[in-house]
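Spelled out from the first residue to the last, the chains are:
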Amino acid sequence: MDAVAPNQADGAASHVRLTDSTLRDGSHAMAHQFTEEQVRAVVHALDRSNVEVIEVAHGDGLGGSSFNYGFSRVDEFDLIAAAVEEAVSAKIAVLLLPGLGTIEHLRHAHQIGASVARIATHCTEADVSVQHFGAARDLGMETVGFLMLSHRARPTELAGQARIMVDAGAQCVYVVDSAGAMVLSDAQARVQAVLAEIGSQAQVGFHGHQNLSLGVANSVLAVQGGARQIDGALCALGAGAGNAPTEVLAATFDRLGISTGVDVQRVLAAAQDVLRPMIPRMPVADRSAIVQGYAGVYSSFLLHAERASERYGVPAHEILQRVGEAGYVGGQEDMIIDIAIQLAHQRDGAPAS
Amino acid sequence: MNEKIVAAIVGPGNIGTDLLFKLIRHSKAVEPRYMVGVDPSSDGLARAARLGLRTSADGVDWLLAQHPRPDVVFEATSARAHAANAPRYAAAGIRAVDLTPAAVGPYVCPVVNLDVNLDAPNLNLITCGGQSTVPIVAAVSRAVEVPYAEIVASIASRSAGPGTRANIDEFTEVTARALEVVGGAKRGKAIIILNPVEPPMIMRNTVFCAIPAEAAEPGPLRDAIETSVHAMVETVRQYVPGYSLRAEPQFDAPHERWRGMARVGVFLEIRGRGDYLPNYAGNLDIITAAAARVGDLLAEHLITQREAVTAWTL
């Protein structure tokens, strides 16, 4: 028996719900190549660990399969249907980015059993999600708003955007650190500002990345700031240096006396024995990933920058640095190629066009 | 040919006003005579009145009671309003150029398919992303078969009005369909991104077309695609001077990650002309420029028809 008594977190939460995004955010790190068999194995293991929500979709959400973001090996709707079939008690969530995915995609996902709609916009563009929240609520789905690259908005500005989502029908709004750029109080201040704005009308969530290795610490501070939903991914499998690892979150929250309902031993086994053997490389905070956190670049740009680096012979970290300077947002993967071409022209001393 | 056709603009907002400036400044064949709205306190109506137009906040009822009636109406309201107004214009024999996503008439991109639609009573201008990218898809599909075309339109947040924001699915669905119907791709997909960076980013569009494997290799097919794309860019530049390639078309061999497809990538920048709207808003400029272009070509067509009738009558 461990002699250390669990710490009681400040402002202790009655219950924090973990959402596992291995099969959505992790899809970036897998270049969207998950098979149905792999999805079934991961869902089974997470469900047995009592993880309450499991997100399944292309890494860029419904409709993401494309030249710009990478084609899915298996149609995401087949993967969602398999996940629904495999889950005994966990809910299956999908992600949708308005401008890419449509209400038609959402209807399809709902029809095959997805029950949580997570609608994501850039942190200052929440009003593009209004019709999608309306549609999700009409379908009877649970709704979650996702404010991506939240570090780019000041806390009060972010709170205003959360208000738009809640008024549109969001039952929870996430502060999403898509770039893994938030440093401790950055995360907590945003969670607190959103909470102050929406009060008890909706919950607040936090989605952390590891580019500066702070995904778990930021998640703890988010919970202490009032967040009640937290995202993770097994083995940190996700964009950039990966997500806050679900298994580390479960263990850490347990030690802090924060109840998640997750069986720590089982989720450790899910990460070690089920997911790890199927992934080509463990996410790592290498130079490019750290630059993403440091320069505030959308995490899923990493593999795209590496490919453009290989294609045009320019360093990935330089591409990412430029992406950060230009202020490109989630979804602008095509600009990575544009920057690589410009860098190659500069190297060769020729004009771009 | 000094004769002009008479035009009305319905919808005195940003788009309607920019179109008005374009017609006044650049059109030799279209005379904007009426500006119609529904709000008497509209800045756009006041501005149009100062520029010498006859204006009213009494909507289409007022417009249809004017003498002469316009030959052509440019609709810059909303899809819903245009759906209601379109039958009334048609009944009055007024040609409609629709800048909303209502799609009552055929999708038209002036450099691709206006010639075959000149007699249609109602012409729809797709979307800003459609006006920017359909020409490129059409250029590629004139050279090779395009089983799949995908476009990414990036626009400055400030240039995305409440209508676009409230109906963003409409943009993706309409644009994707136009890539097929007008662009000639077997299947189309459209993506739109709003970027809030300051200073605002100039509109960018990326076009990816799946092409036959041999067309991605150096050789005659690849040359044909390059020639066709360059020619198309020059044609569009005749009415959108700020339409340009960021780089030469990028060819990539078939890849497993792309379901075995080869592709060509075309990277565009669209700098607006700044007639009324700021020049970063290339997305708004290209649709008003397309409308003005359609107006000019329609005018030429109508005037020619009129002269033919006159000659016959004499």
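Before reading on, note that the structure itself is shown above.
Below is a summary of the structure that appears in this document.

## A word on the overall build of chain B
Okay, step 1: When you go through chain B residue by residue, the secondary structure sums to 10 helices and 12 strands.
Okay, step 2: Taking 314 residues into account, the globule formula puts the C-alpha radius of gyration at 20 Å, and chain B, at 20 Å, falls close to it.
Okay, step 3: Buried positions account for 59% of the 314 residues belonging to chain B.
Okay, step 4: Here the analysis covers contacts within chain B between residues at least 6 apart in sequence; of these, 70% occur between residues at least 24 apart.
Okay, step 5: Of the roughly 12300 Å² that chain B leaves accessible, carbon and sulfur atoms contribute 52%.
Okay, step 6: Between the centroid of the 30 positive side chains of chain B and the centroid of its 33 negative side chains there is a distance of 3 Å.

## Details of the nonpolar core
Proteins that are soluble and globular tend to have nonpolar side chains buried together.
Okay, step 1: Among the nonpolar cores identified, the biggest contains 76 residues, and Ile-54, Leu-62, Ile-230 and Phe-253 of chain A are the most heavily contacted of them.
Okay, step 2: The contacts of Ile-230 of chain A, once residues within four sequence positions are left out, are Val-16, Arg-17, Leu-18, Thr-19, Tyr-174, Phe-206, Ser-219, Ala-222, Val-223, Leu-249 and Phe-253 of chain A.
Okay, step 3: Val-53 and Leu-149 of chain A together with Trp-258 and Met-261 of chain B belong to the second-largest nonpolar core, a separate cluster that totals 56 residues.

## What to know about the interface of chain B and chain A
Okay, step 1: Contacts between the two partners involve 41 residues from chain B, matched on the other side by 41 residues from chain A.
Okay, step 2: Summing both sides of the interface, chain B and chain A together bury roughly 3300 Å²; the carbon and sulfur share of this comes to 52%.
Okay, step 3: Ranking the residues of chain B by area buried against chain A places Arg-165, Asp-169 and Arg-257 of chain B at the top, with a combined share of 17%.
Okay, step 4: For the interface between chain B and chain A, the tally reads 5 salt bridges.
Okay, step 5: For Glu-125 of chain A, the salt bridge goes to Arg-165 of chain B, with nearest N and O atoms at 2.8 Å.
Okay, step 6: At the boundary of chain B and chain A, one finds 22 residue pairs in polar contact (both at pLDDT 80 or more).
Okay, step 7: Among the elements that make up the side of chain B that touches chain A, the one with the highest residue count is strand S8 (residues 187-195) of chain B (7 residues).
Okay, step 8: When the residues that make up the side of chain B that touches chain A are grouped by side-chain class, the tally is 22 nonpolar, 7 polar and 12 charged.

## A word on the sheet that holds strand S5 (residues 95-98) of chain B
Residues and elements named next belong to chain B.
Okay, step 1: Taken in spatial order, the 6 strands of this open sheet run S3-S2-S1-S4-S5-S6, and their pairing is parallel. Strands at the two margins of the open sheet, each flanked by one partner only, are strand S3 (54-56) and strand S6 (122-124). Recorded for the sheet is a direction-independent mean angle of 20 degrees between the axes of neighbouring strands.
Okay, step 2: Bridge count for strand S2 (residues 30-36) against S3 is 3 bridges, and the pairing is parallel. If you follow Tyr-34 over to S3, its bridge partner there is Arg-54.
Okay, step 3: Across the sheet, helix H1 (residues 14-26) lies against strand S1 (5-10), S2 and strand S4 (72-75), angled at about 155 degrees from S2, the strand it touches most.

About the cut-offs
- Here the residue numbering is sequential within each chain, running from 1 through the sequence in written order.
- Starting at A for chains and at 1 for ligands, labels are handed out in the order in which the entities are written.
- Totals for whole chains, interfaces and linings use all residues, but because this is a predicted model, local features are given only for residues with pLDDT of at least 70 and pairs of side-chain atoms are given and counted only at 80 or more.
- To obtain the side-chain values, all non-hydrogen atoms of the structure were used and water was disregarded.
- A helix here means a DSSP run of H or I that spans at least four residues, while a strand means a run of E at least two residues long, and both kinds are numbered starting from the N terminus.
- Radius of gyration means the value over C-alpha atoms here, while the globule rule gives 2.2 Å times the residue count to the 0.38 power.
- Per-residue accessibility, obtained with a 1.4 Å probe over protein chains only, is compared with the maximum for each type, and a residue is labelled buried under 20%, exposed over 50%, and partly exposed between these values.
- Residue contacts are defined here by distance: any two heavy atoms, one from each residue, within 4.5 Å place the two residues in contact.
- Each accessible area is a Shrake-Rupley estimate made with a 1.4 Å probe; only the visible protein chains count as cover when residues are assessed.
- Charge counting treats Lys and Arg as positive and Asp and Glu as negative, with His and both chain ends excluded.
- Each charge is placed at NZ for Lys, CZ for Arg, CG for Asp and CD for Glu.
- In this text, buried Ala, Val, Leu, Ile, Met, Phe, Trp, Tyr and Cys residues form a nonpolar core when linked through side-chain atoms within 4.5 Å.
- Put simply, buried area is how much 1.4 Å-probe accessible surface two parts lose in total, over both of them, once they are put together.
- In the sections that follow, a salt bridge refers to a side-chain nitrogen of Lys or Arg positioned within 4 Å of a carboxyl oxygen of Asp or Glu.
- Counted as a polar contact is a pair of N or O atoms within 3.5 Å, where, for protein atoms, one must be capable of donating a hydrogen and the other of accepting one, and residues adjacent in sequence contribute only when both atoms are in side chains.
- Each residue gets one label: Ala, Val, Leu, Ile, Met, Phe, Trp, Tyr, Cys and Pro are nonpolar, Asp, Glu, Lys and Arg are charged, and the others, such as Gly, are polar.
- Two strands make a pair as long as DSSP finds a minimum of two bridges between them.
- Structural elements are reduced to axes, namely lines fitted to C-alpha atoms, with helices fitted over the stretch in contact, and the angle between N-to-C directions of any two is expressed from 0 to 180 degrees.

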